[in-house]
Amino acid sequence: MTKALITGITGFAGSHLAEWLLNNKKDVEVYGTYRLRSRMEHIQHILNDIHLVECELKDPHSVNEMMKTIKPDFIFHLAAQSFVPTSWNSPAETILVNQIGQVNLFEAALKYCPDCTIQIACSSEEYGQVYPDEVPIKEDNPLRPLSPYAVSKVGQDYLGYQYNQSYGLKVIRTRTFNHTGPRRGEAFVTSNFAKQIAEIEKGIKPPVLYVGNLQAKRDFTDVRDVVRGYWLAVEKGVPGEVYNIASGVTYTIEDMLNKLLGLSSAKIEIQQDPSRMRPSDVEILLGNYDKFHQQTGWKPEIPFKQTLQDLLEYWRSR
Ligand code: GDD
């Protein structure tokens, strides 16, 4: 048996990855970290099949103890402060959790499992300000981050490169574009809109849907395709390298909203809420995933309409 450790296993991508590993990799034991205040609702159904270890990534002692106990063969580092707006409100905490948390993880890996393969969840937000002639975006595009969150991910990304170059740590960097699906946190746009629609349908909210910037363009992949990609990254990716994980299609947030509204028969009024606007917003994300496809064979399989349908059903059933 090999051991896979998922940081952030109680979260959105983490819980889907745990489920995917349990269903598809019988020779892999699944471990995950949680914090005292972590909510277990996303992993309730698999609690008997996974091993949980309490760990605070910001605390080097805690990370060392966790790593000494597990000594994993693979690490999927998904734990993070992942919501862009929170990073303007708490920039220092975002940098601390994302960058220092990862430094603690790398240092503990060097001590207790120096041969393990580590996938780190970097982000398309790192590309930030992208010019029209730069899409679809390739991995060698300049990084022009537009939020403290994006800067935190640039730091994680370059730390991954540096620990590979300096110590030979087998770090694989995945720059994932927007991803969604059932269990997506309600703060994120697809989930937020789907939840509002479900509440309007149930009559627990007036028929007004609040939105922010509808002109931004995003490249969405289903989370279940993304986590399959994370496994392929550690199985077939080249340590030190960076790979885009994307769908290669972009929609305005307005297009996405219209697709969601098309899945409901409710009559809904759209209203802009100024508090949902950001100091700066990435205008367009559209990824080129050729490099990852050539290295691993990965490509997205679940159509966007299906993803949105499943997300809406998720909120309807709650
Ligand atoms: N959250 C939210 N709520 N976003 C809105 C809303 C709203 O009511 N209305 C419009 N938007 C716009 C945002 O301004 C942004 O342009 C876009 O919808 C997507 O917002 P989010 O879903 O919050 O995601 P994100 O693009 O900022 O970041 C996500 O993708 C990154 C990868 O590109 C997150 O998942 C990050 O963790 C991830 O790294």
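Here's a quick rundown of the structure.

The rules behind these values
Residues numbered from 1 in each chain as written. Predicted model: local features only at pLDDT ≥ 70, side-chain atom pairs only at ≥ 80, totals over all residues. Heavy atoms only, no water. Helix = DSSP H or I, 4+ residues; strand = E, 2+ residues; numbered from the N terminus. Buried < 20%, exposed > 50% of the residue type's maximum accessible area, 1.4 Å probe, protein only. Contact = heavy atoms within 4.5 Å. Near = heavy atom within 4 Å. Polar contact = N/O pair within 3.5 Å; in protein donor to acceptor, adjacent residues only side chain to side chain. Nonpolar A, V, L, I, M, F, W, Y, C, P; charged D, E, K, R; others polar. Phe/Tyr/Trp six-rings, centres within 6.5 Å; stacked < 30°, edge-to-face > 60°. Lys NZ or Arg CZ within 6 Å of the ring centre and 35° of its normal. Pairing = 2+ DSSP bridges. Axes fitted to C-alpha atoms, helices over the stretch in contact; angles between N-to-C directions.

## Some details on the overall build of the chain
Secondary structure assignment for the chain yields 10 helices and 13 strands. On the principal axes, the C-alpha backbone points of the chain span a range of 60 × 45 × 40 Å. A total of 318 residues make up the chain; the buried ones form 54% of that total. Sequence separation of 24 or more characterises 80% of the internal contacts of the chain that already satisfy a separation of 6 or more.

## Section: the site of the ligand
Contacts to the ligand come from 25 residues, most closely from S82, S123, S124, Y149 and R278. One nitrogen or oxygen atom from the main chain of A187 is found 2.8 Å from a nitrogen atom belonging to the ligand. The contact in question runs from an oxygen atom of the ligand to an N or O atom on the side chain of R218, over 2.9 Å. Per-class residue counts for the shell around the ligand are 12 nonpolar, seven polar and six charged.

## What to know about the packing of aromatic side chains
All told, the structure shown has 12 aromatic pairs when counted by the stated rule. Ring geometry for F220 and F304: centres 5.2 Å apart, planes at 10°, overall stacked. Here F304 lies in helix α10 (residues 304-316) and F220 lies in the loop between β9 (217-218) and β10 (221-222), a separation of 84 residues in the sequence. Residue placement shows R184 over the ring face of F188; its charged tip is 3.8 Å from the ring centre.

## Quick word on the sheet that holds strand β5 (residues 117-123)
Taken together, the seven strands give an open sheet; going across it, the order is β3-β2-β1-β4-β5-β6-β11, and neighbouring strands pair in parallel fashion. Both outer strands of the open sheet, β3 (51-54) and β11 (242-245), are each paired with one neighbouring strand and no more. Averaged over all pairs of adjacent strands, the angle between strand axes in this sheet comes to 25°, irrespective of strand direction. Note that strand β1 (residues 2-7) and strand β4 (residues 74-77) share four bridges and pair parallel. Each bridged residue has a counterpart across the sheet, and for L5 the counterpart in β4 is I75. Sheet strands touched by helix α1 (residues 12-24): β1, β2 (28-34) and β4. Its angle to β1, the strand with the most contacts, is close to 165°. On top of the sheet, helix α4 (residues 91-112) reaches β1, β4, β5 and β6 (170-176); it is set at about 170° to β5, its chief contact.

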